[in-house]
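# Structural features, examined
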Amino acid sequence: NMELNNVRIVLMNSDFSSIYHNNIEIKKKEKININYGKDFQNSEIVNEDKIISCGSEYFNGSSIIKISNNKKKIHINSIKRNGKINGYKGDIYLYKTENGIVVVNEVGIEDYVAAVVSSELNNSYPNEALKAQAVCARTYIAKRINNEKYKEYNAFGDDSTAYQVYNIVEPDNKIKDAVAQTKGEVVTYNDNLINTYFFSTSCGYTTDYKIWGTKKQKYLESVHVKQNLEEAETQADFDTYIKKKSKTDLENKYPFYRWNVKMSKSHLRYVVNNYIGYDIGKISKIEINNRGAGGIVSNITVYGKNKQISISNQINIRKALNPYGLGIKLNDGDIRSNMSMLPSSFFSIENIYRNGKWWGIKIYGGGFGHGCGMSQNGCKELALSGYNYEDIIEFFYKKTAIAVIG
């Protein structure tokens, strides 16, 4: 039974391009308390907006400042989320560094989880889905308690998609209630916290732990996200499966359940060269070599005139076959042309010939995100079909149990 009351999160700048801020503008909503100097022995109550830069006199005795607001939220004008200034619960620590100020929010774990759930999902999700996401968010951050990356700030992670987004949208009462109903609950396998990976939408299948490397995470199996679990598996041939909608797949109404995009050989040459950093010459074909569990593409070969190259790992493949500027046609007929990587690595390739010559490829794909662990829209559909949050967690993370941290 581990103790974990507070978490520490690095707050990135407004466009999530950096953890460093040139200056921090604290908005006066109530009386703000600034603690500074060695062991924060000096304190000043401020009742006006305050701009703090690396040159601020508060940093004279120590390179860390603590800002608190007596249990009320702290508003930082210089950090915007979706164009808005959201208040932060807990305390704010400012670290002076050579590159700028690093901002760390120390916040109670339950408040943190609520502000993750509200940013990852919205309150149109059924209560049991919100509870499942809350348990996953709490587990995810608890597992990162000794994170090496942000060790010098004692932080568990940041508030970007590299970890889990946080406080982009402030939680409402429905979300706060769902979090309270699962207070302290985390997912374990053999009494250890698991990696509760989650993603937006499945193609009908999830994949297993192998997309993250060779370390076995047996609770991450490939599952078929479908209605009638007794039915036999029908995915004999992934290429056929991904081109049509399956009536029994739970997510078959979602925009990213199925998608397709055409790429000319000149577009392919441009994006692959851009990704690898040199010119492989005119491209004559692209082949899928290996698929992982559930049908995810794990290795492709690109045949260029100067060189043929292999690309492994779902994220690399999705980035190399960058569809930016091309219309990706979604399941609902919508077209997206601003995506800078493929929505997922669950796809099949069909060659396109024009006047007898190879023109390029059509990619038939499904799902949105890395495809391992819990599908958020699958979670929503399971909740709508009567699953409770514990069943949902067991559905996506096999042979796991729920434990409580204090």
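Residues numbered from 1 in each chain as written. Predicted model: local features only at pLDDT ≥ 70, side-chain atom pairs only at ≥ 80, totals over all residues. Heavy atoms only, no water.

## Considerations on the overall build of the protein chain
In terms of regular secondary structure, the protein chain is built from eight helices and 25 strands. Here the protein chain has a C-alpha radius of gyration of 24 Å; the compact-globule value for 406 residues is 22 Å, and the two agree. Across its three principal directions, the C-alpha atoms of the protein chain cover 75 × 50 × 35 Å. Sequence-distant contacts, at least 24 apart, represent 65% of the contacts inside the protein chain between residues at least 6 apart. (Helix = DSSP H or I, 4+ residues; strand = E, 2+ residues; numbered from the N terminus. Rg over C-alpha atoms; globule rule 2.2 N^0.38 Å. Contact = heavy atoms within 4.5 Å.)

## Observations concerning helix α3 (residues 173-180)
All buried positions along α3 are accounted for by Ile175, Ala178 and Val179. Buried residues of α3, seen end-on, are gathered within an arc of 100 degrees and therefore sit on one face of the element. In α3, the exposed positions angled more than 90 degrees off the buried face are occupied by Asn173 and Ala180. Looking at the buried positions of α3, the neighbouring elements they touch are α1 (109-120) and α2 (127-142). A side-chain oxygen of the first residue of α3 lies 3.3 Å from the backbone nitrogen of Lys174; this N-cap is Asp172. (Buried < 20%, exposed > 50% of the residue type's maximum accessible area, 1.4 Å probe, protein only. Arc of directions from axis to C-beta. Polar contact = N/O pair within 3.5 Å; in protein donor to acceptor, adjacent residues only side chain to side chain.)

## Brief notes about the sheet that holds strand β19 (residues 308-312)
Ordered by their spatial adjacency, three strands build an open sheet running β17-β18-β19, and the pairing between neighbours is antiparallel. At either end of the open sheet lies a strand with only one pairing partner, and these are β17 (283-291) and β19. Adjacent strand axes in the sheet meet at a mean angle of 20 degrees, parallel and antiparallel pairs treated alike. Sheet topology note: the β17/strand β18 (residues 297-304) ladder contains seven bridges and is antiparallel. (Pairing = 2+ DSSP bridges. Axes fitted to C-alpha atoms, helices over the stretch in contact; angles between N-to-C directions.)

## Describing the packing of helix α7 (residues 376-384) against helix α8 (residues 389-396)
Their axes nearest at 10 Å, the elements α7 and α8 cross at an angle of 135 degrees. Considering their axes alone, α7 and α8 lie oblique with respect to each other. Note that α7 runs across α8; the crossing there is right-handed. On α8, the residues that touch Gly378, Cys379, Leu382 and Ala383 of α7 are Ile392, Phe395 and Phe396. Split by residue class, the contact of α7 with α8 holds six nonpolar, one polar and no charged. (Parallel < 35°, antiparallel > 145°, perpendicular 65-115°, else oblique. Left-handed = near helix turned anticlockwise from the far one by under 90°. Nonpolar A, V, L, I, M, F, W, Y, C, P; charged D, E, K, R; others polar.)

## Regarding the environment of Trp359
For Trp359, the position within the fold is in strand β23 (residues 357-365). A relative accessible area of 25% means that Trp359 is categorised as partly exposed. When the C-alpha positions of Trp359 and Lys262 are compared, they lie 9.9 Å apart, and in sequence the two are 97 residues distant. Excluding residues within four positions of it along the chain, Trp359 makes contact with Lys262, Met263, Ser264, Lys265, Ile352, Tyr353 and Arg354.

## Description of the packing of α2 against α3
Running from N to C, α2 and α3 point in directions that differ by 60 degrees, and their axes come no closer than 8 Å. If you check the angle between α2 and α3, you find them oblique. Considering how the two elements wind past one another, α2 and α3 form a crossing that is right-handed. Residues Asn127, Leu130, Lys131, Ala134 and Arg138 of α2 touch α3, and the partners they reach there are Lys174, Ile175, Ala178 and Val179.

## Focus on the packing of aromatic side chains
Applying the stated criterion across every chain yields a total of 14 aromatic pairs. Note on Tyr197 and Trp212: the rings are 4.1 Å apart at their centroids and 20 degrees apart in plane angle, and the pair reads as stacked. Pair noted here: Tyr197 is in the loop between β14 (192-193) and β15 (198-199) and Trp212 is in the loop between β15 and α4 (238-243), with a separation of 15 residues, a long-range link. Tyr197 sits in the buried class, given a relative accessible area of 14%. For Lys398, the ring lying beneath its charged end belongs to Phe395, and the centroid distance is 5.3 Å. (Phe/Tyr/Trp six-rings, centres within 6.5 Å; stacked < 30°, edge-to-face > 60°. Lys NZ or Arg CZ within 6 Å of the ring centre and 35° of its normal.)

## Some remarks on the pairing of strand β6 (residues 50-53)
The alternating pattern of β6 places Lys50 and Ile52 on a buried face, while none of Ile51 and Ser53, on the opposite face, is buried. By the bridge criterion, four bridges tie strand β3 (residues 23-27) to β6 in an arrangement that is antiparallel. Paired with Ile26 across the strands is Lys50, a residue of β6.

## Quick look at unusual backbone geometry
Phi at Phe40 is positive, roughly 55 degrees, even though this residue is not glycine. Among the secondary structure elements, Phe40 is positioned in the loop between β4 (32-36) and β5 (42-46). Take Phe40: its relative accessible area is 28%, and that puts it in the partly exposed class. Phi angles above zero are rare outside glycine, and Asn70 is one such case at about 50 degrees. Inspection of the secondary structure puts Asn70 in the loop between β7 (64-68) and β8 (74-76).

## Let's talk about the sheet that holds strand β25 (residues 401-404)
Taken in spatial order, the three strands line up as β14-β13-β25 in an open sheet, and their pairing is antiparallel. At either margin of the open sheet sits one strand with a lone partner, and together these are β14 and β25. With two bridges connecting them, strand β13 (residues 185-189) and β14 associate as antiparallel partners. Across the sheet, the residue bridging to Thr188 is Leu193, located in β14.

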